[in-house]
Each structure stands twice: as structure tokens, then as C-alpha cells.
Amino acid sequence: MWASGSGSNVENIFKYFQQNPLIKVAAVFTNKSNAGVLQRMEPYKVVFEIHENAVFESGAIDQTVAKYTPDLIVLAGFLRKIAPSTLLRFPNKIINIHPALLPKYGGKGMFGMHVHQAVYDQKEAETGITIHYVNAHYDEGAIVFQQKVALGPDDTPATIAQKVHLLEYKHYPEIIEKLLTDHE
Ligand code: GAR
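Since this is a predicted model, take the numbers as computed values, not measurements. Per chain, the residues get numbers from 1 upward, laid out in the order the sequence is written. Reporting of local features is limited, given that this is a predicted model, to residues whose pLDDT is at least 70; pairs of side-chain atoms are given and counted only at 80 or more, and all residues count toward the totals for whole chains, interfaces and linings. Side-chain figures throughout are based on the complete set of non-hydrogen atoms in the structure, without hydrogens or water.

### Points about the site of the ligand
What surrounds the ligand is a group of 14 residues, the closest being S6, G7, S8, N9 and E168. Here G7 contributes a backbone N or O atom positioned 2.7 Å from an oxygen atom of the ligand. The definition of a polar contact used here is a pair of N or O atoms within 3.5 Å, where within protein one atom must be able to donate a hydrogen and the other to accept one, and adjacent residues in sequence count solely through side-chain atom pairs. The side chain of S8 places a nitrogen or oxygen atom 2.6 Å from an oxygen atom of the ligand. Only the protein chains shown count as cover for residues, and all accessible areas are computed by the Shrake-Rupley method using a 1.4 Å probe. When isolated, the ligand has an accessible area of 450 Å², and the protein chains bury 90% of it. Helix and strand assignments come from DSSP, with helices taken as H or I runs of at least 4 residues and strands as E runs of at least 2, each series counted from the N terminus. For the shell around the ligand, the secondary-structure elements that each account for two or more residues are α1 (8-17), β4 (94-98) and α7 (157-183). For this description, a residue counts as near a given molecule or strand if any of its non-hydrogen atoms is within 4 Å of it.

Dropping the structure here:
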């Protein structure tokens, strides 16, 4: 799993598979040595891989990733572009979650609260999550799954974020499980 932020999805996914003998989170990769995910995952028995942005962006990370022979590379709030060499080396194995209904509210700079603020500003009647394969362009890879949630006049960027996080916690582990099971 790859994360740059607080890592609540990482923790949720890790817990979901904790009792599963067939599916294991091999390591948590981050590009930020002070990312919340490190503190959050400290109590769990999980391997951390902390590397500088340049290591991810140049593709130098590929060797390290390959050591784990991953069936799936799961991004959860990982905010750097994936290097072309990484995409080539792990084809159809990298997925991401976006906190909106792509293609709306995607692209560079659209992450976390920026997305929820934009959805709020546009007075959208709904938002949701998108789980997609990663390609060379931000938020443009093939969509695997989307789920909507309704918004009302009382919603704020903070409540929108909460609603979206709940969708993420429910569906991301299930979709990961499905992709890994379908692969076998
Ligand atoms: C999640 O809501 C995820 O969808 C979003 O970052 C958050 C990370 O939260 N990703 C993006 O915005 C990608 N463009 P977390 O660190 O608590 O899991």
C-alpha cells in the first residue's frame, strides 16, 4: 500500500485483511517521513518503506517494490505521479481511490479536502468515490468501481469528507479482495 497522508484507508484495509490467510499487506510505502500513516500503523506488524520523492518519481523504487512480488499495488492518498517505468513493470497492478465521481473533480491538485470543497462550491446533489487503475495521467485510468452518495443543503466540506470516507472504508477493501481473488 502506498500513502502520503493520514493513512486511515491503509489502516482500514490492513485490518480488513488481518485475519485473511490468503491476502497480506506486504508493506506500507510512503514518500513522506512525517506522514500520519507511519504513526497510525506503528502498532501493527507491518513493514515500512520510506523513500524520497525522487526515488518514486525516477522509478528507482521499482527494484524495492519488485522484492515483494506484489499482486496489487494499492494507492490510498498517495499524492505523487507514478513513474512510467513503474507503470510498465507492474501493468494492471496499480489501483487508486479518488474521493469523487471521476471524471468530475479529478486531475492535478485535486486531492483530499480540495475535492470536497470544490464539490461543495458547485452545490452538487451527489458525490462519491472512484476506484481506478493508474495510468500516466492523474485520475484517468480505467474505472473499476464507483459509488455515489447524496448531498443535501446542510452538507459542508467536512460532512462531505465524512460521507466519502465512509464509502471508502466500506468499498475499497472489498474491491481489493475481488481484484485479488479474480486474479487467481
Ligand atoms: C482519501 O480520501 C483518498 O480518496 C484521497 O486522499 C484521502 C486519504 O485519506 N485521495 C486523493 O484525493 C487522490 N487524488 P487517508 O490518508 O485518511 O486514507
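### Looking at the side chain of E168
Within the element layout of this structure, E168 appears in helix α7. Here the term buried applies to any residue with accessible area under 20% of the maximum for its type, exposed to any over 50%, and partly exposed to those in between, with areas from a 1.4 Å probe on protein chains only. We count Lys and Arg on the positive side and Asp and Glu on the negative side, and we leave His and both chain ends out. Definition used for salt bridges: Asp or Glu carboxyl oxygen within 4 Å of a side-chain nitrogen of Lys or Arg. As a buried residue without a salt bridge, E168 has its nearest oppositely charged side chain in R40, at a separation of 11 Å. At 3.0 Å, the side chain of E168 forms a polar contact with the side chain of N9. Contacts are assigned to residue pairs that have any heavy atoms within 4.5 Å of one another. Contact partners of E168, with chain neighbours within four places excluded, come to N9, N12, I97, P99, I129 and P173.

### Here we look at the layout of surface pockets
Here the largest pocket defines a volume of roughly 850 Å³. Here the term cavity refers to a set of points on a 1 Å grid, laid over the protein atoms alone, in which a 1.4 Å probe fits but cannot get out; the term pocket refers to an open set having protein on both sides within 12 Å along at least five of seven lines, with lining residues being those that place an atom within 4 Å of a point. Forming the walls of the largest pocket are 37 residues, and the residues nearest its centre are G77, F78, L79, F111 and G112. Contributing elements (two or more residues each) for the lining of the largest pocket: α1, β4, α6 (112-121) and α7. With 4 residues, α7 is the largest single contributor of residues to the lining of the largest pocket. In this classification, Asp, Glu, Lys and Arg are treated as charged, Ala, Val, Leu, Ile, Met, Phe, Trp, Tyr, Cys and Pro as nonpolar, and every other residue, Gly included, as polar. Residue composition of the lining of the largest pocket, grouped by class: 14 nonpolar, 17 polar and 6 charged. Here the second largest pocket is characterised by a volume of approximately 460 Å³. Forming the walls of the second largest pocket are 22 residues, and the residues nearest its centre are K24, A26, P70, D71 and L72. Residue assignment for the lining of the second largest pocket shows that the elements contributing at least two residues are α1, β3 (73-74) and α7. Considered class by class, the residues forming the lining of the second largest pocket number 18 nonpolar, 1 polar and 3 charged. Grid points are joined across faces, edges and corners, and a volume is the space filled by probe spheres set on the points.

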